Amino acid sequence: MELAERLLKGDRRAVARLISMVENREPEAFEIIKKLYSKTGNAYVIGITGPPGAGKSTLTDKLVKKLSSKGKKIAIIAVDPTSPFTGGAILGDRVRMSDLNTNPNVFIRSMGARGHLGGVSKATQGAIKILDIYGADYIFIETVGVGQSEIDIVKTCDTTVMVMVPGLGDDIQAIKAGVMEIGDVFAVNKADRDGAKRTAREIDMVLDFNKSDWRPPVELVVAVENKGIDELLEHIQKHREYLESTGKLIERRIRNSKFELIDLVQQKLMSILFDKSNKEELINKLSKDIVDKIIDPYTATERIFNEIKMD
Ligand SMILES: Nc1nc2c(ncn2[C@@H]2O[C@H](COP(=O)(O)OP(=O)(O)OP(=O)(O)O)[C@@H](O)[C@H]2O)c(=O)[nH]1
């Protein structure tokens with residue numbers, strides 16, 4: 001049976017295969033996505049983000065267990081922008097040990113930073129489409145670390161959950177505004193530890209500056225004890241209802257599509273420059289000419305663009 005057909009039938013091995021093909025930028029995968037694109041749009045994409053060790057995996061595990069017990073079909077993509085590995089390598093024992101792994105309603109996949117130039121987020125966007133066509137009701141994107149690549153990945157999500165931990169409080173003021181702004185729902189995990197309430201209060205104080213009509217809720221959670229999970233799911237559901245009832249979900253998805261489109265065009269331009277017609281030689285020559293003052297960088301840029309236009 002063809003891959004496309006297998007994907008439509010919900011064959012998980014076809015899903016895994018297609019995601020690998022997207023990571024390797026194999027054209028056949030994109031042909032399949034193009035053909036089946038009209039079947040996307042049903043999955044709700046939830047980003048789980050926060051500093052390393054905050055308990056994102058544990059929390060995702062609990063949230064997913066709850067949702068899958070309600071009969072939902074779920075996919076988890078764990079993205080590690082710092083890892084060159086993919087296909088299960090980075091999650092290692094953590095995922096292998098999770099009993100979600102044997103749950104037929106849950107598909108788990110890890111993705112590393114294969115490729116270059118922000119390859120992570122683009123492969124993730126492809127993977128999301130495949131999982132959407134596959135029929136996932138929810139797709140969880142779990143990212144590691146706080147940085148640009150994490151913010152990029154959040155651009156693929158409908159609702160983003162920021163996971164914090166007690167003790168971080170002192171640093172919250174120092175956390176860049178941009179990072180606080182990406183959270184739609186905040187979880188203070190490890191609330192079994194001292195200082196959780198204080199951390200929650202400090203997050204609240206920062207959020208008071210938020211001018212949007214959605215005020216992100218801050219929930220105390222103890223993921224290892226399954227505490228606060230129902231409440232967190234409720235907040236996510238409320239955020240979804242808010243987005244849907246105000247038309248902001250469409251707005252957000254348009255914004256995300258715009259980021260994706262610009263990324264793809266950029267990628268295409270880069271491939272024109274470096275892959276296909278080998279403009280690298282020209283670039284190397286012009287770089288030397290710039291230093292030798294034979295040409296200035298602005299004219300050199302125009303020269304490169306003119307060459308591309310002629311191709
Ligand atoms: N005390 C306490 N420990 C927790 C809680 N939730 C998770 N942990 C522990 O924190 C550690 C890190 O949890 P993970 O779920 O791996 O954290 P993570 O954010 O996914 O980690 P990275 O993927 O490395 O960023 C583990 O040892 C968990 O058992 C909690 O609610 N309370």
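The residue numbering used here restarts from 1 in each chain and proceeds along that chain's sequence as written. Only residues with pLDDT of at least 70 get local features here, since the model is predicted, and only at 80 or more are side-chain atom pairs given and counted; chain-wide, interface and lining totals rely on the full set of residues. The side-chain quantities take in all heavy atoms of the structure and omit both hydrogens and water.

A. Local environment of the overall build of the protein. In this text, helices come from DSSP runs of H or I with a minimum length of four residues, and strands from runs of E with a minimum of two, each type numbered from the N-terminal end. When helices and strands are counted, the protein shows 14 helices and seven strands. Only protein chains enter the accessibility calculation, which uses a 1.4 Å probe; a residue is then buried when its area is under 20% of its type maximum, exposed when over 50%, and partly exposed in between. A burial count over the protein gives 49% of its 311 residues as buried. Restricting to contacts in the protein with at least 6 residues of sequence separation, those with at least 24 account for 74%. Total accessible area computed for the protein in this model is approximately 16200 Å², and 54% of it derives from carbon and sulfur atoms. By definition, residues are in contact when any of their heavy atoms lie within 4.5 Å. What sets the accessible areas is the Shrake-Rupley method with a 1.4 Å probe; for residues, cover comes only from the shown protein chains.

B. Fine view of the nonpolar core. Judged by nonpolar contacts, the single largest core of 32 residues is most densely connected at L7, I77, L131, I139 and I141. Among the secondary structure elements, those contributing two or more residues to this core are α1 (3–8), α2 (12–23), α3 (27–36), β2 (74–79), β3 (106–111), α6 (119–134) and β4 (138–143). Ranked by residue count, the leading element in this core is α6, at seven residues. When residues no more than four places from it in sequence are discounted, the contact partners of I139 are A43, Y44, V45, I46, A75, I77, I128, L131 and D132. Only buried residues count toward a nonpolar core, which is a set of Ala, Val, Leu, Ile, Met, Phe, Trp, Tyr and Cys residues joined through side-chain atoms within 4.5 Å. Counting residues in hydrophobic clusters, the runner-up holds 30 residues, among them I76, I108, V221 and L233.

C. Representation of the site of the ligand in the model. Being near a molecule or strand, for a residue, means having at least one of its heavy atoms within 4 Å of it. Taken together, 17 residues form the shell around the ligand, and within it G55, K56, S57, T58 and D192 come nearest. Here an oxygen atom of the ligand and a backbone polar atom of K56 are 2.8 Å apart. Any N or O atom pair separated by 3.5 Å or less is treated as a polar contact, with the protein-specific requirement of one donor-capable and one acceptor-capable atom, and with residues adjacent in sequence counted only for side-chain atom pairs. Here a nitrogen atom of the ligand and a side-chain polar atom of N189 are 3.1 Å apart. Calculation on the ligand without its partners gives an accessible area of 650 Å², and the protein chains cover 73% of this total. Looking at the shell around the ligand element by element, the count peaks at three residues for helix α4 (residues 56–69).

D. Looking closely at the side chain of D158. Looking at the secondary structure, you find D158 in the loop between α7 (148–154) and β5 (159–164). Of note is the side chain of D158, whose polar atom sits 2.7 Å from the side chain of R253. Apart from residues no more than four positions distant in its own chain, D158 is found in contact with A43, Y44, V45, D184, H239, L243, L249, R252 and R253.

E. View of a nonpolar patch on the surface. Judged by side-chain polarity, L261, L264, V265 and L269 come together as a nonpolar surface patch covering roughly 340 Å² of accessible area. Note that L269 resides in helix α12 (residues 248–276). Overall, the relative accessible area of 35% leaves L269 in the partly exposed class. Residues form patches when they are more than 30% accessible in relative terms and have no salt bridge. Like charges link within 9 Å. Nonpolar side chains (Val, Leu, Ile, Met, Phe, Trp, Tyr) link within 5 Å. Should a side-chain nitrogen of Lys or Arg be within 4 Å of a carboxyl oxygen of Asp or Glu, the pair is scored as a salt bridge.

F. How the structure looks around helix α13 (residues 280–291). Expected span of a helix, by definition, is 1.5 Å for each gap between consecutive residues, and there is one gap fewer than residues. Under the 1.5 Å per step criterion, the end-to-end length of α13 is 17 Å for twelve residues, consistent within 8% with the ideal 16 Å. Along α13, the residues classified as buried are L282, I283, L286 and D289. Seen from one end, α13 has its buried residues packed into an arc of 125 degrees, which puts them on one side. Exposed side of α13, more than 90 degrees from the buried face: E281, K288 and V291 are the residues found there. Of all possible arcs, the one meant is that of the directions from the helix axis to the C-beta atoms.

G. The packing of aromatic side chains, seen in detail. Each aromatic pair joins two rings of Phe, Tyr and Trp (for Trp, the six-membered one) with centres within 6.5 Å, and gets the label stacked for planes under 30 degrees apart, edge-to-face for over 60, and tilted for any other angle. Per the stated rule, a full pass over the model turns up two aromatic pairs. For the ring pair F107 and Y134, a centre distance of 6.3 Å and an interplane angle of 55 degrees mean the geometry is tilted. Of this pair, F107 sits in strand β3 while Y134 sits in helix α6, and the two are 27 residues apart along the sequence. By relative accessible area, which is 6% here, F107 ends up buried. In this scheme, the term charge over a ring applies when either NZ of a lysine or CZ of an arginine sits within 6 Å of the ring centre and within 35 degrees of the ring normal. Across from the ring centre of Y134, 4.1 Å away, lies the NZ or CZ of K73, which sits over that ring. Looking at K155, its charged tip hangs above the ring of F259, at a distance of 4.2 Å from the centre.

H. Structural detail: the pattern of salt bridges. What the rule picks out here adds up to 16 salt bridges. D208 is the partner of R215 in a salt bridge, and the nearest nitrogen-oxygen pair spans 2.7 Å. What you see here is one network of salt bridges that share partners, running through D204, D208 and R215.

I. View of unusual backbone geometry. Phi is positive for R25, close to 55 degrees, though the residue is something other than glycine. Inspection of the secondary structure puts R25 in the loop between α2 and α3. A relative accessible area of 38% means that R25 is categorised as partly exposed. Phi is positive for K190, which is not a glycine, with a value near 60 degrees. With respect to the helices and strands, K190 occurs in the loop between β6 (185–188) and α10 (196–207).

Structural measurements only, silent on function.
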